[in-house]
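# Coordinate inspection notes
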Amino acid sequence: MAESDDRTAGRDRNTAASTEPPAGWTPSAAAKTTAMRFRWIAGALWALAIIGEGVGIFWLLRQRVYVGEDGTLVRDPDTGLLQEQGVTAQFPQWAFIALLVLLVVIAALSITGSVLWKKANRLDPARKADKTRFFVQNQLGAIIAIVAFLPLVILIFLNKDMDKGQKTTAGIVGVVLAALAVFVGVDFAPPSVEQYTADQSTVIQLLGKDEVVWVDGGKVYHVCDEVPAIQTGSEIRTGTTAQAIEAGKIRLTLQFASELRTCGLAVPENADEITEALRAIQDGAVDTPLPAPVWADPADAPIQIEDAPANVG
């Protein structure tokens, strides 16, 4: 009788789970809207940074004052042209100070844009399978920083009107700020649709539905609400994996096995294999398969999902 009840409960869980939306991670509507807004703002800030670079190249670096204007006129015997001896061009001090300020402004605009752009990519990432788009979308902040700084820094070092002190100071400031902007613009651990899908697939197979919990602090979401990690006094929130991403939680906790035990839920026998696969996928691996959970008792499976038919060549 107890075995029959267990089977009935298992069927009930599977029926409930079948009403869940199909797997395949997509950002929530709110997350997609927020990501789009961040990208527009980042684009505007980057445009201002490049405009600032243009101001520096085409106006500021061309400023000069002439010293010794009371020089005498002489005739060049080789060309027959008149020349004024004793007049030298110098880069004015006000332009030098303005150049330093401009470099700081360009860096601030570039870095702020990069931070917003990376936030947008957390909410609405690219697919790693599309290698070109994935690289450009995730490293665009660094690319923009190079575009916004490199020509200006080169022309600073090539400027013939600056004295040695001005050129050295402006050059060093430019190089340091450029390096900082590029470093902030690089995404060393970019998210991907594949990573988010792997986390979502794991959640559905472990729980029977796309539902996780989290609190405002921390960077991960959890499989149930009784684990110590979220007993922080903050409000415990429940939602889909997409909603967790929208709230700033970047991945599923890798401690899901102990969390399942704490909450009295079934733990797959191959939990360690699933954990290692998730770790590899979260670290950027593209060819790591996600193992299906293996249950000691088939009735423990919260959802039954058949393998897709093999492709026939």
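Preceding block: the structure.
If you're wondering where the values come from, they're calculated on a predicted model, not measured in any experiment. (Residues numbered from 1 in each chain as written. Predicted model: local features only at pLDDT ≥ 70, side-chain atom pairs only at ≥ 80, totals over all residues. Heavy atoms only, no water.)

## Brief notes about the overall build of the chain
Note the cut-off: Helical segments are the DSSP runs of H or I of at least four residues, strand segments are the runs of E of at least two, and each set is numbered from the N terminus. Exposure classes here rest on a 1.4 Å probe applied to the protein chains alone. A residue is buried below 20% of its type maximum, exposed above 50%, and partly exposed in between. The contact rule is simple, with two residues in contact once any of their heavy atoms fall within 4.5 Å. Using the Shrake-Rupley algorithm and a 1.4 Å probe, accessible areas are obtained, with residue cover drawn only from the displayed protein chains.
Looking only at helices and strands, the chain has 9 helices and 8 strands in total. Going through the 313 residues of the chain one by one, you find that 40% of them count as buried. Sequence separation of at least 24 residues holds for 73% of the intrachain contacts in the chain that already meet a minimum separation of 6. In the structure as shown, the chain presents an accessible area of about 17,500 Å², 60% of it carried by carbon and sulfur atoms.

## Notes on the pattern of salt bridges
For clarity, the threshold we go by: One speaks of a salt bridge when a side-chain nitrogen belonging to Lys or Arg is within 4 Å of a carboxyl oxygen belonging to Asp or Glu.
What the rule picks out here adds up to 8 salt bridges. One salt bridge in this structure joins Arg 64 and Asp 161, with 2.7 Å as the shortest N-O distance. One end of the pair, Arg 64, is in the loop between helix H2 (29-58) and strand E1 (65-67); the other, Asp 161, is in the loop between helix H4 (131-158) and helix H5 (164-185), and 97 residues separate them in sequence. Residue class for Arg 64 comes out partly exposed when judged on its relative accessible area of 35%. Close ionic contact of Arg 237 with Asp 216 constitutes a salt bridge, the shortest N to O distance being 2.8 Å. With a gap of 21 residues between them, Arg 237 in strand E7 (residues 237-239) and Asp 216 in the loop between strand E5 (212-214) and strand E6 (220-221) connect regions that are remote in the sequence. For Arg 237, a relative accessible area of 30% corresponds to the partly exposed category. Via salt bridges that share partners, Lys 32, Arg 39 and Asp 124 belong to a single interconnected network.

## Section: a nonpolar patch on the surface
What counts, and what does not: A patch is a set of surface residues, each over 30% in relative accessible area and not in a salt bridge, joined within 9 Å for like charges and within 5 Å for the nonpolar side chains Val, Leu, Ile, Met, Phe, Trp and Tyr.
Taken together, Leu 48, Ile 51, Val 55, Trp 59 and Trp 94 make up a surface patch of nonpolar side chains, about 520 Å² in accessible area. It is H2 that contributes the most residues to the nonpolar patch, 3 residues altogether. Looking at the element boundaries, Ile 51 is found in helix H2.

## A word on the packing of H4 against H5
The cut-off we apply is this: An axis is simply a line fitted to the C-alpha atoms; with a helix, the fit covers only the stretch in contact. Between two such axes, the angle follows the N-to-C directions and lies from 0 to 180 degrees. Roughly parallel here means an angle under 35 degrees, roughly antiparallel means over 145, roughly perpendicular means 65 to 115, and every remaining angle is called oblique. The residue classification treats Ala, Val, Leu, Ile, Met, Phe, Trp, Tyr, Cys and Pro as nonpolar and Asp, Glu, Lys and Arg as charged. All others, Gly included, are polar.
Closest axis-to-axis distance for the H4/H5 pair is 8 Å, and the angle between their directions is 170°. In this view, H4 runs roughly antiparallel relative to H5, as classed from their interaxial angle. Residues Asn 138, Gln 139, Gly 141, Ala 142, Ala 145, Ile 146, Phe 149, Val 153, Ile 156, Phe 157 and Leu 158 of H4 pack against Lys 167, Ala 170, Gly 171, Gly 174, Val 175, Leu 177, Ala 178, Ala 181, Val 182 and Gly 185 of H5. Class assignment for the residues of the contact of H4 with H5 results in 14 nonpolar, 6 polar and 1 charged.

## What to know about the environment of Asp 163
Our working rule: Think of a polar contact as two N or O atoms within 3.5 Å of one another; within protein, one of them needs to be a possible hydrogen donor and the other a possible acceptor, and neighboring residues in sequence only count if both atoms come from side chains.
Checked against the element boundaries, Asp 163 lands in the loop between H4 and H5. Taking C-alpha positions, Asp 163 is 7.5 Å from Gln 90, a pair spaced 73 residues apart along the chain. A polar contact of 3.1 Å, which involves the side chain of Asp 163, links it to the backbone nitrogen of Gly 165.

## Focus on H4
Residues separated by three or four positions in an α-helix point in the same direction, a consequence of the helix having 3.6 residues per turn. We apply this condition: Expected span, for any helix, means 1.5 Å times one less than how many residues it has. To get the bend at any residue, fit one axis to the seven residues that end at it and another to the seven that begin at it, then take the angle between the two axes.
A rise of 1.5 Å per residue sets the reference length of H4, with its 28 residues, at 40 Å; its end C-alpha atoms lie 37 Å apart and thus fit the reference within 8%. Gln 139 marks the point of greatest bend in H4, at about 65°.

## Some words on the packing of aromatic side chains
By convention here, two paired aromatic rings are described through the distance between centres and the angle between planes. Cut-off, in case you're wondering: Here a pair means two rings of Phe, Tyr or Trp (six-membered ring of Trp) with centres within 6.5 Å. Their orientation is stacked below 30 degrees between planes, edge-to-face above 60, and tilted elsewhere. Whether a charge sits over a ring comes down to the Lys NZ or Arg CZ being within 6 Å of the ring centre and within 35 degrees of the ring normal.
Applying the stated criterion to the full structure yields 4 aromatic pairs. With 4.7 Å between their ring centres and 65° between their planes, Trp 25 and Tyr 196 make a pair best called edge-to-face. Pair noted here: Trp 25 is in the loop between helix H1 (2-18) and H2 and Tyr 196 is in helix H6 (residues 193-207), with a separation of 171 residues, a long-range link. Note on accessibility: Trp 25 and Tyr 196 belong to one class, buried. Measuring from centroid to centroid gives 5.9 Å for Trp 59 and Trp 94, while their planes differ by 50°, and the two rings are tilted. Of this pair, Trp 59 sits in the loop between H2 and E1 while Trp 94 sits in helix H3 (residues 93-123), and the two are 35 residues apart along the sequence. Here Trp 59 falls in the partly exposed class, since its relative accessible area comes to 45%. On the accessibility criterion, Trp 94 (44% relative accessible area) is partly exposed. The side chain of Arg 39 reaches across the aromatic face of Trp 117, ending 5.4 Å from its centre.

## Focus: the environment of Ile 236
Residue position: Ile 236 is located in the loop between E6 and E7. As for Ile 236 and Asp 216, which are separated by 20 residues in sequence, their C-alpha atoms are 8.0 Å apart. Those residues in contact with Ile 236, other than ones at most four positions away along the chain, are Val 213, Trp 214, Val 215, Asp 225, Ile 230 and Gln 231.

## Structural notes on the side chain of Gln 137
Tracing the backbone shows Gln 137 in helix H4. Given a relative accessible area of 9%, Gln 137 falls into the buried group. Those residues within four positions of Gln 137 in sequence are excluded, and the remaining contacts are Arg 39, Trp 117, Asn 121, Asp 124, Pro 125 and Ala 126.

## A look at the nonpolar core
The following threshold applies: Residue types Ala, Val, Leu, Ile, Met, Phe, Trp, Tyr and Cys, when buried and joined through side-chain atoms within 4.5 Å, form a set referred to as a nonpolar core.
In terms of nonpolar packing, the biggest core is built from 38 residues, with Leu 61, Leu 99, Ile 106, Phe 149, Leu 152 and Ile 156 touching the most fellow members. The dominant element in this core, judged by the number of residues it contributes, is H3, at 13 residues. Core analysis: the next-biggest nonpolar cluster, separate from the first, contains 30 residues, Trp 25, Ala 198, Leu 206 and Leu 278 among them.

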